[in-house]
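# Inside the fold
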Amino acid sequence: MPRSTFALLFTKQILFMKKVLLSLVFAISAIVSYAQMGNVKGTLRDENGLALPGATVQLTDLSNIGAVSDIDGSFVIFKVPAGEHTLKITYIGYKEIEQKVSVQDGVSSTVELNLEPGVVLGQEVMVLGDRLKGQAKALNRQKTNANITNIVASDQIGRFPDANIGDAVKRIPGITIQNDQGEARNIIIRGMAPQLNSVTLNGDRIPSAEGDNRNIQMDLIPSDMIQTIEVNKAVTPDMDADAIGGSVNLVTRTAPSGMRVSGTLASGYNMLSEKPIYTGAFILGNRFFEDKLGAMLSVSYNNHDFGSDNVEAEWENEAENNAGDDVAVDPYIGETDIRKYQVQRVRRSASLNLDYKINENHKLFIKSMYNWRDDRENRYRLRTRSITPIFDTDDATVIGFEGEQRRQSKGGIGNGRIDNRRLEDQRVKRLALSGEHFFGNAKLTWMGSYAKASEERPNERYISYESSDSFELNHDVSDPRFPYVGAANSSDIALGTYEFREITEEHQYTTDEDKNFRVDLELPLSIVSGQLGKFKAGGRLRSKSKVRDNSFFSYEATDGNAQDFSILSGVPTRNQTDADFLAGSEYQAGSFVDAKFLGSLDLINSSLFDESDEPAEYLAGNYSADETITAGYVMLDQQFTSKFSALGGIRVENTSIDYIGNRVEAEENLIGEVSDSDSYTNVLPGLHMKYDATNDLIIRAAWTNTLARPNYYDLVPYVDDRSEDDDEIFLGNSSLKPTKSMNFDFMAENYFKSIGLISAGYFYKNVEDFVFTSVTEDSNGNDVSQPKNGAEAKVSGVEFSVQRQLDFLPGALKGLGVYVNYTYTDSEATGVTERDDLGLPGTAKNMFNGSLSFETSKLVLRASANYSSDYLDEAGGSAFSDRYYDSQFFLDINGSYAVTPNWRVFFEANNLTNQPLRYYQGVQERTMQMEYYNSRFNIGLKFDLFNN
């Protein structure tokens, strides 16, 4: 699509949104003119002035009239007859209260109430500690939501030893995490791969800093910046529909009713790097100008030196014999790496949220967040490659192996910021302005936001040397979980035998910009006499622009360069062999070019180095993409009886895309730009039903339709023609359809007054147009790889969850609490390969979280376990080459002691099982990758001061 056409389309969509706004204004005017009753509005807070979301508010003298408080603790009851009424507020974990309220025609009466914690259990009153207060807020919100959700409040997050949001999310039922360098990064919800889920911040999709997909790096956001984590497993029509597995909404902190000052100061120790960890966080909130202006500032800092010990292997089961024939052999290693990573991760975050009350009917909000993470990395890689079996003379038996080696150092230039390491600079920033307005019985909300994510890798350098000849190998796969390949003779790997291969410098830059506008109108409307009903309608416009711009250069020393680069022994090296290498002491990395020497090289000095552009390394990967999403919805939330309610509606989303890529032949010849466009519309109905069997037992059911747009790079119409050298052609596909899913969910939840829950549920997903990579052969014998639609998958599963304070036990044992959840998922996928025995990639059959805690008025102790079974990660051409993500089990412990009610010391111990990231090939015993991180420990001080 030409740029002018795209601009015209965008202008039309702006005009469409203006028409929607004008229609809403006329509707509001009509509603106001006929308003005959008053409204009751209020805010509910705890004893510290913090919001209480999910409270049930009832008018005792008017049956079936009430409301539920939102994330800010606010509620509104429309169309209340004039006169005196009594409000009753109930909240799990807090004492029930009643409040008189006077209502006048056409006026909104306002109340502000503070609830007192405490639960009456028999003849005793159970007093809530900090952890139980957080659990109570989460359970109240979860109980009163119309859809199926899991909620985690900030007080709960802080009680787990989780450095980032990803680590906190992995403790929610039905969720498993893909790790990166020992921290949780990508989420899998109910077996759905990361690209089939969404992550939002205060209801808006967060742009992705990764170049080829839509995934949000969960390790970018520290856990202490977030007030609430909401996992919507069945989305409602007023939510974005791109959430086949589910949608994770991160809600930032809002201002309390008075001064709040809190913070964290901690330090720790990483057992692998043997270096300290530094953590700090600070929160400051208050209200000003006679409570009209609220402000909440949060800042966070984490500096962690860590690393990983890594071994990787590619397995083969065919080899060429002496006669030149390919024959089947016992599985052997065709290529293997020993890698040593040294990483420093510095995470800085800041959030400022403001709210201003113009009057009782009009409020404005400004919400902002800035996350900046620097990853500095050195990696030393010993690669044993081109491994070939040696046959005896009759070609019947493999009698040995031979191969060659390469030694590569990864780093960066030697200035102060990059510091001789590869710097990955990731940033995400967001600024949103929104409003909340009441016009009689109508509520209008709107939001406009700008967000940008970026990832920059400047001056990323590599230097490598390779052995001059093949040599005999010691090839030991007697224990395929720990395969070992190394030189049979030490003389073959003397530094003087490695010849210079290459020096390269790469520059990577990716940006993803989002502009969003949303408007929603809500008004009372009931189709059942005497029962509450609420109509809601709205629209959204999202404009997205993504660009990847990389470059790559190689360097050769000039004849006049005094430094001898010809052999490895001629340059400064550093021995990276570690006797305590976590995969095993037999994996000896050896010596590599010193990272400081690599960083000191003046590569741009033409008298020292000859520079060559290497377009084969980046041309086909560079692209630009523009995407516009226009959405609208209508829905009705209707109470049919005092026990049964339903929420139904329909959402329509139109997606227009415009992508530009590069056509590349012979790997490096740019033939020209190629562009394409597409537009499609999805109609997505949904129905949610809720039955309150008792005050504590809730039955839910949902039918929803969701989608997932293809990854960015899959849509780019690039052409990467490598037929001249490799007989391969790689193509993009801008005609890819979005993946669609019809979902059915059932859930039963029983809540306990002692801050607990037991729940069980079933889910089923019918997924169509699943995106997979098709490999076909063209008329010239080239393998053509291209993402295509066509796969279908069926996913079903069950979930169980128990949260319970064991208050029925005698004496001090009342302080015990359990938090346990289990999810079983089964899947069938067709169209991914010709085989029909494979499940959906990314689907772990068994997921388990368990936590045992003990709490007194001052002491809190917790042991937490997290388990996920293995799952198919990538389907190969045969069962032998399928790649699996192995099972994982994490054990963490933490505890705290309240020196005073406001000051607490704490400790954390993570990954006590030294759980590696592990992939296997075909069968579980056959290791493809094992990466170890060791344990880490923290100790520190937390304080939380209030003045209400």
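The subject of this paragraph is the overall build of the protein chain. Helix and strand content of the protein chain: seven helices and 51 strands. For a compact globule of 948 residues, the expected C-alpha radius of gyration is about 30 Å, and the protein chain comes in at 30 Å, within 12% of that figure. Each of the three principal axes of the protein chain carries a C-alpha extent, and together these read 100 × 70 × 55 Å. Counting every position in the protein chain, which comprises 948 residues, the buried fraction comes to 57%. Long-range contacts, defined here as pairs at least 24 residues apart, represent 70% of the contacts in the protein chain between residues at least 6 apart. Counting 93 positive and 135 negative side-chain charges, the protein chain places the centres of these two groups 12 Å from one another.

Our focus in this paragraph is the packing of aromatic side chains. Summed over the entire model, instances satisfying the criterion amount to 18 aromatic pairs. Centroid distance Y332 to F401: 5.6 Å. Interplanar angle 35°. Geometry classified as tilted. Of the two residues, Y332 is situated in strand 20 (residues 326-359) and F401 in strand 22 (residues 398-412); the sequence distance between them amounts to 69 residues. Residue classification places Y332 among the buried residues on the basis of a relative accessible area of 6%. For F401, a relative accessible area of 13% corresponds to the buried category. By the ring-pair criterion, three or more aromatic residues cluster together here, those being Y465, F500, F565, F597 and F609. One Lys or Arg, R804, reaches over the ring of F752 and ends 4.2 Å from the middle of that ring.

Summed over all chains, the structure comprises 59 salt bridges. Linking R383 and E335 is a salt bridge whose minimum nitrogen-to-oxygen distance equals 3.5 Å. Placement of R383 in strand 21 (residues 362-391) and of E335 in strand 20 is noted, with a sequence separation of 48 residues between them. The burial state of R383 is the same as that of E335; both residues are buried. For E424, the salt bridge goes to R457, with nearest N and O atoms at 2.6 Å. Of the two residues, E424 sits in strand 23 (residues 422-439) while R457 sits in strand 24 (residues 442-467), which places them 33 residues apart along the sequence. With respect to burial, E424 and R457 carry one shared label: buried. It is possible to trace a salt-bridge network through shared partners that takes in D204, R205, D240, D242, R430, R518, D520, R540, R542, R651, E653 and R709.

Right, let's get into the nonpolar core. Core analysis: the largest hydrophobic core is formed by 29 residues, its most contacted members being V40, L44, L59, F75, I77, L87 and I89. Elements that contribute at least two residues to this core include exactly strand 1 (38-45), strand 2 (56-59), strand 4 (74-80), strand 5 (83-91), strand 6 (94-103), strand 7 (108-114) and helix 2 (130-144). Beyond its immediate stretch of four places on either side in the chain, I77 contacts G38, N39, V40, V57, L59, I65, G66, A67 and L87. Judged by nonpolar contacts, the second largest core, of 27 residues, contains I175, I189, I216 and V428.

Attention now moves to the sheet that holds strand 4. Taken together, three strands build an open sheet; the order of strands is 4-1-7 and the sheet is mixed. Each edge of the open sheet carries a strand with a single partner, namely strand 4 and strand 7. Each adjacent strand pair in this sheet contributes to an overall mean axis angle of 15°, direction not counted. As judged from the seven bridges shared by strand 1 and strand 7, these two strands associate in the parallel manner. Bridge pairing links G42 to V111 in strand 7.

Our focus in this paragraph is the sheet that holds strand 10 (residues 149-153). Strands sit in the order 10-15-16-13-14 across an open sheet of five strands; the sheet is mixed. In this open sheet, the two edge strands, each paired with only one partner strand, are strand 10 and strand 14 (204-205). When strand 10 meets strand 15 (residues 226-232), the two strands line up antiparallel, connected through five bridges. Within strand 15, the residue paired with I151 across the bridge is E230.

Attention shifts here to the side chain of S108. Note that S108 resides in strand 7. With relative accessibility at 18%, the residue S108 sits in the buried group. Reaching out from S108, the side chain makes a polar contact with the side chain of N361 at a distance of 3.4 Å. In this structure, S108 is in contact with N39, K41 and N361, ignoring residues within four places of it in sequence.

To continue, consider the pairing of strand 50 (residues 927-932). Within strand 50, six of the six residues are buried, which leaves it mostly tucked inside the rest of the structure. Bridging between strand 19 (residues 293-320) and strand 50 involves four bridges; their strand directions are antiparallel. The residue of strand 50 that forms the bridge with N310 is E931. Relative to strand 50, strand 49 (residues 917-921) runs antiparallel, the two sharing four bridges. Counted as the bridge partner of Y920 is T927 from strand 50. Counted along the chain from strand 49 to the antiparallel partner strand 50, the turn is five residues long, and its residue G922 has a positive phi close to 80°.

Turning our attention to a negative patch on the surface. Judged by side-chain charge, E314, E316, E318, E320, D325 and D326 come together as a negatively charged surface patch. Among the elements that line the negative patch, the one with the most residues is strand 19, at four residues. Position of E318 relative to the elements: it lies in strand 19.

As a further point, take the confidence of the model for the protein chain. A residue-level look at the protein chain finds 93% of positions with pLDDT of 70 or above and a mean pLDDT of 88. Every residue in residues 1-7 is under pLDDT 50, and counting partners more than four places away or in other chains gives 11 contacts. Counting interchain partners and residues more than four positions distant, the pLDDT-below-50 stretch residues 20-35 has 17 contacts.

Here the focus is the pairing of strand 27 (residues 498-524). Two strands pair when backbone bridges link them, and strand 24 and strand 27 are joined in this way by 23 bridges, in the antiparallel orientation. Across the sheet, residue K452 finds its bridge partner in strand 27, namely E513. Alignment of strand 27 against strand 29 (residues 551-557), held across five bridges, turns out to be antiparallel. Looking at the pairing, E505 lines up with F553 of strand 29.

A few words now on the side chain of D46. With respect to the element layout, D46 can be found in the loop between strand 1 and strand 2. If sequence neighbours within four positions are ignored, D46 has contacts with L52, Y94, N114, L115 and K137.

Quick look at unusual backbone geometry now. Look at S386: it is not a glycine, yet its phi comes out positive at around 50°. Within the secondary structure, S386 is located in strand 21. Although it is not a glycine, N914 adopts a positive phi angle of roughly 50°. Tracing the backbone shows N914 in the loop between strand 48 (903-910) and strand 49.

The next subject is a nonpolar patch on the surface. A cluster of nonpolar side chains, Y269, M271, L861, I893, F907, L912, F937 and I939, forms an exposed patch at the surface whose accessible area comes to about 650 Å². Along the polypeptide, I939 turns up in strand 51 (residues 936-947).

A few words on the environment of R379. Tracing the chain through its elements places R379 in strand 21. When its relative accessible area of 7% is taken as the criterion, R379 is described as buried. Beyond its immediate stretch of four places on either side in the chain, R379 contacts R339, K340, Y341, Q408, S409, K410 and Y462. Within the structure, the side chain of R379 is placed 2.2 Å from the side chain of Q408, a separation counted as a polar contact.

Position of K88 relative to the elements: it lies in strand 5. C-alpha of K88 to C-alpha of Q888: the two residues are 800 residues apart in sequence and 47 Å apart in space. Those residues within four positions of K88 in sequence are excluded, and the remaining contacts are T56, V57, Q58, T60, E96, I97 and E98.

On to the environment of D326. Relative to the assigned elements, D326 resides in strand 20. When the C-alpha atoms of D326 and Y555 are compared, they prove to be 38 Å apart, with 229 residues separating the residues in sequence. Setting aside residues no more than four positions away along its own chain, D326 makes contact with E318, A319 and E320.

Reading guide: rules and limits
- The numbers attached to residues start from 1 for each chain and follow its sequence in the written order.
- Given that this is a predicted model, residues contribute local features only at a pLDDT of at least 70 and side-chain atom pairs are listed and counted only at 80 or more, while totals for whole chains, interfaces and linings are drawn from all residues.
- The side-chain quantities take in all heavy atoms of the structure and omit both hydrogens and water.
- Comment: elements are numbered from the N terminus, with helices defined as DSSP H or I runs of at least four residues and strands as E runs of at least two.
- With the radius of gyration taken over C-alpha atoms, the globule rule is written as 2.2 Å times the number of residues to the power 0.38.
- A simple rule labels every residue: compare its accessible area, found with a 1.4 Å probe on the protein chains alone, to the largest value its type can have, and call it buried under 20%, exposed over 50%, or partly exposed in between.
- Residue contacts follow a heavy-atom distance rule, with two residues in contact if any of their heavy atoms lie within 4.5 Å.
- Here Asp and Glu are counted as negative and Lys and Arg as positive; His is not counted, and neither are the chain ends.
- For charged residues, the charge sits on one atom: NZ in Lys, CZ in Arg, CG in Asp, CD in Glu.
- Between the rings of Phe, Tyr and Trp (Trp by its six-membered ring), a pair exists once the centres lie within 6.5 Å; its type follows the angle of the planes, with under 30 degrees stacked, over 60 edge-to-face, and the other angles tilted.
- Only when the NZ of Lys or the CZ of Arg is both within 6 Å of the ring centre and within 35 degrees of the ring normal is a charge said to sit over the ring.
- Just to be clear on terms, a salt bridge is a Lys or Arg side-chain nitrogen sitting within 4 Å of an Asp or Glu carboxyl oxygen.
- Think of a nonpolar core as a cluster: buried Ala, Val, Leu, Ile, Met, Phe, Trp, Tyr and Cys residues, connected wherever their side-chain atoms sit within 4.5 Å.
- In this description, strands pair whenever DSSP reports at least two bridges between them.
- Simply put, an axis is a line fit to the C-alpha atoms, just over the touching stretch for a helix, and the angle between two N-to-C directions goes from 0 to 180 degrees.
- Residues adjacent in sequence count toward polar contacts only when both atoms are side-chain atoms; beyond that, a polar contact is any pair of N or O atoms within 3.5 Å, and within protein one must be able to donate a hydrogen and the other to accept it.
- Residues enter patches when their relative accessible area tops 30% and they take part in no salt bridge; the joining distance is 9 Å for like charges and 5 Å for the nonpolar side chains Val, Leu, Ile, Met, Phe, Trp and Tyr.
- Computed with the Shrake-Rupley method and a 1.4 Å probe, the accessible areas treat only the protein chains shown as cover for residues.
- The predictor reports its confidence for every residue as pLDDT, a score running from 0 up to 100.

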